[in-house]
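Read off the chains here:
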Amino acid sequence: MCDYSLHAVASRPAKVGEMLITTSFSGGTRGFAAEGEPNVAVCLLPGTELAFDQDVKHNQSWIWTKAPNFRVARFRKIDQHNAYRHHDALELPDGNVVLVTHLSSGQRATVLQLPVTRQPERATPTAEEHSNRNTPASAI
């Protein structure tokens with residue numbers, strides 16, 4: 001659930017409504033931690049939506065920081081075919097993708113919504129099921 005670079009760090013899944021902070025963990029990689037749990041990586045599922053307190057800031061290089069004019073993002077997994085590359089990323093509203101490890105530390109974001117992970121049970125039959133119910137057995 002968390003990027004491979006965070007496997008040596010204690011982790012837990014994100015919860016709707018909680019405040020996360022972009023944090024530098026051991027080994028120099030960045031991820032999210034909850035307020036009051038700075039040493040625990042909070043793992044996000046693809047599709048999780050975040051709202052930042054301020055415009056999202058990320059490092060373009062070792063010196064320059066970029067701040068696109070967006071405060072919302074959706075979590076994604078990228079380049080999963082390459083085992084030794086960071087996979088955790090944020091997709092911004094303009095379609096640009098930023099690796100989580102490139103986010104500037106100390107940013108605050110609220111988990112707005114988690115993705116649906118299972119299909120709800122159907123309460124109503126499909127059209128085909130409905131028509132089969134109303135067909136007399138002798139007509140089949």
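Details of the structure are given in the entry above.
Residues numbered from 1 in each chain as written. Predicted model: local features only at pLDDT ≥ 70, side-chain atom pairs only at ≥ 80, totals over all residues. Heavy atoms only, no water.

1. Quick look at the pairing of strand E9 (residues 88-91)
The side chains of a regular strand alternate between both faces of the sheet. Two strands pair when backbone bridges link them, and strand E8 (residues 72-77) and E9 are joined in this way by four bridges, in the antiparallel orientation. Residue pairing for E9: Arg74 is matched across the bridge by Glu91. In sequence, E9 turns back onto strand E10 (residues 97-99) through a hairpin of five residues, with Gly95 there showing a positive phi of about 95 degrees. (Pairing = 2+ DSSP bridges. Helix = DSSP H or I, 4+ residues; strand = E, 2+ residues; numbered from the N terminus.)

2. Details of the sheet that holds strand E11 (residues 108-113)
One open sheet accounts for nine strands, arranged E1-E4-E3-E2-E11-E5-E8-E9-E10; its pairing is mixed. Two strands in the sheet have a free side with no partner beyond their single neighbour: strand E1 (11-13) and E10. The mean angle between the axes of side-by-side strands here comes to 45 degrees, regardless of whether they run parallel or antiparallel. Pairing analysis gives three bridges linking E1 to strand E4 (residues 37-43), with the strands arranged parallel. (Axes fitted to C-alpha atoms, helices over the stretch in contact; angles between N-to-C directions.)

3. Some words on the pattern of salt bridges
Under the definition given, this model contains nine salt bridges. Across the salt bridge formed by Arg12 and Glu37, the nearest N and O atoms sit 3.0 Å from each other. On the criterion of sequence distance, the pair formed by Arg12 in strand E1 and Glu37 in strand E4 is long-range, its members being 25 residues apart. Taking the relative accessible area as the measure of exposure, Arg12 reaches 15% and is therefore buried. Overall, the relative accessible area of 29% leaves Glu37 in the partly exposed class. Overlapping salt bridges bring together Arg12, Glu18 and Glu37 as one network. (Salt bridge = Lys/Arg side-chain N within 4 Å of Asp/Glu carboxyl O. Buried < 20%, exposed > 50% of the residue type's maximum accessible area, 1.4 Å probe, protein only.)

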